[in-house]
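Summary of structural features
Now for the letters of each chain:
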Amino acid sequence: MAMASETGSGDARRGRESKDRPSPATIPARLVDAGLIVGFLALAFLLGLFPLKDTDFWWHLRAGDDIRKSWSVPTVDDYTFGAEGRPWIDLHWTFQVLLSLGYEAGGVPLLTLAKSVATCAALFLLITARRRDSPIGVMTIVWIPALVVLGGRMYVRPETISLVYLSAYLAVIFRLDERPKLAYLLPFVQVLWVNVQGLFILGPVVLGFYLLSAAVVPSTWSVERKAWRRTIAQATVGVAIACLINPYALSGALYPLQLAATMSNPIFGRSIGELQSIPDFIDKAGLANPSLRFHLGTAALGLASFVIPGLWWAVTGIFRGNTSAEPAPDEKSSKRKSKGDRKPSKKSAGKSRTARSGSPTNPVIFRLLCFTAFTLLSLRATRNSHQFAAVVGTVTAWNFGEWFASMQRRRAAASGSSSIANSVSIKLIAAVAIGAMIAFVGSGRLYALLGEGRTIGLDEEPYWFPHDAVAAAGRPGMPDRSICFHNGHASLYEYAYAPDRKTFADARLEVVGPEIYQRYLEVESKIRSNAPNWKAALDEMRRPLILADNVQAASGALHATLITARDWECVWFDPVAALYVHSSYSEAIARDRVDFLARHFGRFALAEPADPVRHIQQLKAYWNIVYALVPKGGENPRPGWRDAMRPLIAIGQDHARRVRELDPSRVEGWKYDGLLEFFRELPDGSGTARFRSAFDPVLDLSSARAAHLLRRAREIDPDDGNVLATASGLYLQRGMNEAAIEVLDAFLARPAVGPDQRSSRERAAEQRVPLLRALGDAPRLDWRNKDELARLLEDCLSRGRIETAARLLERAYPIEARPWEITDRIATLLLHLGIADEARALWRDAADPPSESIRHSRLGMAALVGADLVRALDEFRQSTTADPASFDAWFGLAVAAFDSGDAATALDSSTRAAAIAPSPEAKSAAATIADLARPFANR
């Protein structure tokens with residue numbers, strides 16, 4: 001008997017061991033699941049590998065360096081002169097110290113890698129928090145939309161560390177029903193979190209949702225749950241105490257309330273993109289934004305994860321009888337128990353009591369509370385998309401994973417065997433989805449779809465941070481305080497000079513507060529609008545250095561006012577930013593004053609690095625200022641705006657030509673050159689049909705050049721709104737209705753995003769109606785005699801059908817018998833439309849020109865319109881040699897030489913042109929070129 005008892009005990013022990021050990025059949029499945037998790041984390045890691053663009057990075061780094069030096073955390077602001085001495089509760093201090101250490105060890109690349117690793121750690125906690133039978137394949141598939149949203153804010157910011165702690169909370173809470181003692185980890189997580197960011201409040205919030213979901217379950221209050229309640233209560237008290245363990249004690253614990261009160265001020269949401277609410281974003285940008293669609297799609301998928309399984313369980317319960325066919329996991333375990341005399345262990349006995357007393361929480365309530373709260377939080381401000389994606393992605397994966405597991409159990413119970421084939425298909429789909437997403441991200445196609453301009457990289461985003469401008473701001477003779485009209489640039493200025501040199505305000509909005517931020521915006525608005533008292537506002541600040549952004553289009557108005565101000569001077573201008581100082585800083589002005597025309601004649605663009613992106617950035621900056629300089633509507637013109645505009649156009653077009661030299665396929669090289677050319681000689685807007693007269697270089701050359709450049713831009717990017725709008729305006733102002741209607745139709749075919757584009761579309765639709773009326777029906781293109789041809793041609797020209805008229809003449813006069821006058825007329829019509837190459841070919845091959853000088857002059861005009869300065873210079877020189885009295889040739893040579901940066905030739909040829917000008921307008925145009933070139937002709 002003793003022997004039998006001992007043998008039975010050994011069999012029972014071996015039975016328990018075999019139950020816990022995975023069977024050979026399950027090992028490959030678990031390996032595949034592990035592979036899916038690795039692939040999912042690899043996708044997340046790849047999403048995090050993008051260049052640094054977050055401008056808060058620099059003030060965090062400055063603070064981390066200062067904390068390491070002083071061994072103390074800041075308590076008052078010492079970085080700005082606007083908010084100097086105000087309380088600063090810097091709960092980010094541990095993140096900032098880690099940032100400082102990481103930057104010292106490996107710079108931005110190391111921090112980018114660390115950020116991606118931290119995100120993967122958070123996601124690992126979330127994706128592995130699951131019931132054992134929830135399919136990893138399903139969970140990873142439904143996680144992908146949320147992961148894309150989360151990747152949009154995978155920055156080197158405190159919120160990345162907050163993501164790890166939030167994930168730890170969710171992973172622990174998921175397991176608390178079965179392992180309540182894990183709750184003791186939460187106070188330790190909270191201590192770390194409260195010293196990283198004000199988002200630490202999310203930990204107690206999520207824990208509160210869990211407690212609320214437990215409170216509504218009757219079994220929570222049973223006697224059997226007393227120990228569970230005590231454990232959770234102790235942990236909850238520990239979390240509350242942990243919130244006080246920070247350098248600011250109670251003030252730090254209450255900091256989220258202060259922050260919420262400050263950030264609720266609508267002034268921040270109106271002017272800061274990441275604080276803009278989703279409804280406001282939709283109102284401005286519409287629903288076409290791909291990032292917004294991913295965000296809303298993630299929310300919709302999360303909602304579906306409640307609705308679809310709920311409906312399924314309701315339907316299967318009502319129409320398929322009771323659900324006892326699917327045993328609960330504990331019931332299954334009990335069926336597998338030995339029928340012998342085995343005595344249950346304490347652990348198994350505890351699990352049995354848990355099963356009898358029921359679950360202590362309602363997971364549906366907890367998940368619904370999390371989903372609702374974090375979705376609403378994300379709707380309040382786009383910056384909350386990070387936490388939203390983490391929580392909603394997790395809830396969605398839990399819900400769908402458990403639903404699929406339930407369906408698999410039901411099928412297995414109904415068939416009497418496990419559904420291996422179904423499980424394999426899910427894993428295969430998940431593997432393909434993850435692999436496809438990795439390829440989609442790695443190829444750059446995801447970022448192209450999102451329209452973010454993001455790339456894969458480890459270092460800083462090129463031409464994003466104004467390092468050179470900030471370095472120049474510290475030169476001798478510069479002001480010791482600044483105002484940076486880009487909050488992110490203030491951050492870099494602080495990193496370089498704080499606390500010795502101060503800026504007016506920065507992105508620490510909880511320190512600056514709404515009053516100072518309001519003043520900051522008001523000063524900026526006054527300068528942008530050229531309000532009469534903008535100089536007085538700066539005088540009150542003791543005339544700080546102005547650091548102005550060159551990347552954002554809206555900054556153009558700021559530059560336009562400062563460039564035309566008599567007592568402010570530009571002392572630095574690069575692709576990222578510009579510096580302006582008051583005229584009282586004579587030392588800085590004498591050394592560093594920027595002369596844009598000198599840059600043009602000094603071939604500044606050629607000296608710049610051979611990087612098309614750099615030239616495009618610089619080109620955009622010049623264009624933004626030129627556009628802002630031109631008075632619009634009821635605006636008061638800025639003094640000297642025309643004189644200020646010409647040098648900017650000249651240097652801007654230098655960069656445009658450089659872009660085309662480096663990469664002719666880049667639309668920007670054609671687009672911005674055309675936009676600048678459109679404003680070089682502003683049309684009077686009268687709709688004058690200049691195409692009916694002989695080509696006049698003074699009146700027609702600039703518009704023809706703009707037409708050609710915009711036409712080339714449309715060939716590369718047919719949907720560019722700026723190009724279409726400018727081209728239609730050009731054609732309308734010149735009476736070229738046929739070309740205008742074609743461009744307007746292309747413009748109207750584009751989707752309108754936001755109120756500005758919708759307004760532009762409405763104006764375009766209004767312009768189209770009279771255009772159609774003016775064009776009339778399509779003309780017939782056959783005739784019986786020359787009189788009918790003449791009437792048909794006149795009808796086309798009177799209705800603005802320029803290209804139709806040109807093609808009509810081509811058909812009527814075969815090239816071998818075509819007289820010069822007809823060739824000249826056809827080529828001139830085409831030149832007005834910007835079809836330069838065809839016009840040039842016609843003039844080149846035409847027989848019997850009045851003189852070779854005229855032929856060369858026409859070919860020079862075609863070359864100028866076709867953006868070929870070298871050929872234009874050669875043709876005009878041949879023309880002036882053949883006929884020294886040709887105004888068109890001398891004027892064309894002056895324009896080509898000026899654009900080429902040849903001041904001496906531009907001065908000589910424009911002076912000769914002025915001497916023989918056929919009209920006062922022609923004389924004035926030539927004299928303007930001479931005046932611009934004269935100071936540089938002998939250099």
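Everything here concerns the structure above.
The rules we used
Residues numbered from 1 in each chain as written. Predicted model: local features only at pLDDT ≥ 70, side-chain atom pairs only at ≥ 80, totals over all residues. Heavy atoms only, no water. Helix = DSSP H or I, 4+ residues; strand = E, 2+ residues; numbered from the N terminus. Buried < 20%, exposed > 50% of the residue type's maximum accessible area, 1.4 Å probe, protein only. Contact = heavy atoms within 4.5 Å. Areas by Shrake-Rupley, 256 points an atom, 1.4 Å probe, with all protein chains shown as cover. 1 Å grid on protein atoms, 1.4 Å probe; cavity = no way out; pocket = protein on both sides within 12 Å on 5 of 7 lines; lining within 4 Å. Points joined across faces, edges and corners; volume = space filled by probe spheres on them. Pairing = 2+ DSSP bridges. Axes fitted to C-alpha atoms, helices over the stretch in contact; angles between N-to-C directions. Salt bridge = Lys/Arg side-chain N within 4 Å of Asp/Glu carboxyl O. Phe/Tyr/Trp six-rings, centres within 6.5 Å; stacked < 30°, edge-to-face > 60°. Lys NZ or Arg CZ within 6 Å of the ring centre and 35° of its normal. Core = buried A, V, L, I, M, F, W, Y, C linked by side-chain atoms within 4.5 Å. Patch = residues over 30% accessible without salt bridge, like charges linked within 9 Å, V, L, I, M, F, W, Y side chains within 5 Å. Polar contact = N/O pair within 3.5 Å; in protein donor to acceptor, adjacent residues only side chain to side chain. Expected span 1.5 Å × (residues − 1). Parallel < 35°, antiparallel > 145°, perpendicular 65-115°, else oblique. Left-handed = near helix turned anticlockwise from the far one by under 90°. Nonpolar A, V, L, I, M, F, W, Y, C, P; charged D, E, K, R; others polar.

A tally of helices and strands in the protein yields 44 helices and five strands. Taking all 939 residues of the protein together, the buried fraction comes to 52%. Put simply, of all contacts in the protein between residues at least 6 apart along the chain, 72% involve residues at least 24 apart. Element-wise, carbon and sulfur atoms account for 58% of the exposed surface of the protein, whose accessible area totals about 41700 Å².

Put simply, alanine 498 and proline 499 share a cis peptide bond, and its omega is -5°. Residue position: proline 499 is located in the loop between helix H22 (487–497) and strand E2 (502–503). Despite not being glycine, tyrosine 463 shows a phi value in the positive range, around 55°. Inspection of the secondary structure assignment puts tyrosine 463 in the loop between helix H20 (445–450) and helix H21 (467–473). Non-glycine residue arginine 543 carries a positive phi angle of around 50°. The topology assignment puts arginine 543 in the loop between helix H24 (534–540) and strand E3 (545–549). Here arginine 543 falls in the partly exposed class, since its relative accessible area comes to 31%.

According to the stated counting rule, one finds four cavities of 30 Å³ or more in the structure shown. In this structure, the largest cavity spans a volume of roughly 70 Å³. As for the largest cavity, its lining consists of Gln653, Arg657, Arg660, Asp673, Glu677, Arg705, Leu709, Leu864, Val865 and Ala867. Going through the elements one at a time, helix H30 (641–662), helix H31 (667–680), helix H32 (697–716) and helix H40 (852–865) are the ones with two or more residues in the lining of the largest cavity.

Turning next to the sheet that holds strand E5 (residues 577–582). The strand order E2-E1-E3-E5-E4 describes an open sheet built from five strands, whose pairing is mixed. If you trace the sheet from one side to the other, it starts and ends with E2 and strand E4 (568–573), each paired once. On the sheet, H22 packs against strand E1 (481–485), E2, E3 and E5 and is oriented at approximately 150° with respect to E1. Packed onto the sheet, helix H23 (residues 509–528) meets E1 and E3 and runs at close to 75° relative to E1.

Under the criterion given, the structure shown has 50 salt bridges. Across the pair aspartate 539 and arginine 543 runs a salt bridge, and its minimum N-O distance is 2.9 Å. Here aspartate 700 ties to arginine 690 by a salt bridge, and the two come within 2.9 Å at their closest N and O atoms. Here aspartate 700, found in helix H32, pairs with arginine 690, found in the loop between H31 and H32; they are ten residues apart in sequence, far enough to count as distant. The exposure classification of aspartate 700 matches that of arginine 690, with both residues buried. Linked by salt bridges that have partners in common, Asp54, Asp56, Arg153, Arg157 and Glu159 make up one network.

When you line up the elements, alanine 889 lands in helix H42 (residues 887–900). A C-alpha to C-alpha distance of 8.1 Å links alanine 889 and serine 853, two positions 36 residues apart in sequence. The contacts of alanine 889, once residues within four sequence positions are left out, are Ser857, Phe876, Ser879 and Thr880.

Looking now at the packing of aromatic side chains. Taken as a whole, this structure holds 35 aromatic pairs when the rule is applied. Members of the aromatic cluster, each reached through a chain of ring pairs, are Phe57, Trp58, Tyr103, Phe465 and Tyr495. Over the ring of tryptophan 88 we find arginine 508, and its NZ or CZ is 4.4 Å from the ring centre. Over the face of the ring belonging to tryptophan 670 we find arginine 660, whose NZ or CZ atom lies 4.6 Å from the ring centre.

Bringing the pairing of E4 into the picture now. Pairing analysis gives five bridges linking E4 to E5, with the strands arranged antiparallel. Residue pairing for E5: phenylalanine 573 is matched across the bridge by alanine 578. If you look at the hairpin formed by E4 and E5, you'll find three residues sitting between the two strands.

In this section: the nonpolar core. Core analysis: the largest hydrophobic core is formed by 147 residues, its most contacted members being Ile483, Ile527, Leu538, Ile546, Phe573, Tyr580 and Leu831. Among the elements that line this core, the one with the most residues is H42, at nine residues. Sequence-distant contacts of leucine 538, that is, excluding residues within four places in its chain, are made with Ile483, Val523, Ile527, Arg543, Pro544, Ile546 and Trp568. Within the second largest apolar cluster, 121 residues are counted, among which are Phe50, Val108, Val142 and Leu547.

Turning our eyes to something else, we now look at a nonpolar patch on the surface. On the surface, Leu244, Leu250, Leu254 and Leu257 cluster together into a nonpolar patch covering about 390 Å² of accessible area. In this structure, leucine 244 sits in the loop between helix H9 (226–242) and helix H10 (249–253).

Following the sequence through the fold, alanine 862 ends up in helix H40. Classification of alanine 862 as buried rests on a relative accessible area of 3%. Separated by 32 residues in the primary sequence, alanine 862 and leucine 830 place their C-alpha atoms 9.9 Å from one another. If we ignore the near neighbours within four places in the chain, the residues touching alanine 862 are Leu831, Ala836, Arg840 and Trp843.

Below, the discussion takes up the environment of arginine 528. For arginine 528, the position within the fold is in helix H23. Along the chain, arginine 528 and alanine 557 lie 29 residues apart, while their C-alpha atoms are 4.8 Å from each other. If we ignore the near neighbours within four places in the chain, the residues touching arginine 528 are Ala554, Ser555, Ala557, Leu558, Thr561 and Arg638. Looking at arginine 528, its side chain comes within polar contact range of the side chain of glutamate 524, at 2.6 Å.

Most of E5 sits inside the fold, with six of its six residues counted as buried. Of the two faces of E5, the one carrying Ala577, Leu579 and Val581 and the one carrying Ala578, Tyr580 and His582 are both buried. By the bridge criterion, four bridges tie E3 to E5 in an arrangement that is antiparallel. Across the sheet, leucine 547 pairs through a bridge with leucine 579, a residue of E5.

Let's shift gears to helix H41 (residues 869–882). Taking 1.5 Å of rise per residue, 14 residues should cover 20 Å, and H41 covers 20 Å from first to last C-alpha, within 8% of that figure. Restricting attention to buried positions, one finds in H41 the residues Leu869, Ala872, Leu873, Glu875, Phe876, Ser879 and Thr880. Residues of H41 that are buried sit in contact with H30, H32, helix H39 (836–845), H40 and H42.

Okay, the packing of helix H43 (residues 903–915) against helix H44 (residues 920–933) next. Interaxial distance between H43 and H44 falls to 8 Å at its minimum, and their mutual angle equals 155°. Between H43 and H44, the angle falls in the class roughly antiparallel. Here H43 and H44 pass one another in a crossing that is left-handed. Contacts from Ala903, Ala906, Leu907, Ser910, Thr911, Ala913 and Ala914 of H43 reach H44 at Lys923, Ala926, Ala927, Ile929, Ala930 and Ala933. Along the lines of polarity and charge, the residues of the contact of H43 with H44 split into ten nonpolar, two polar and one charged.

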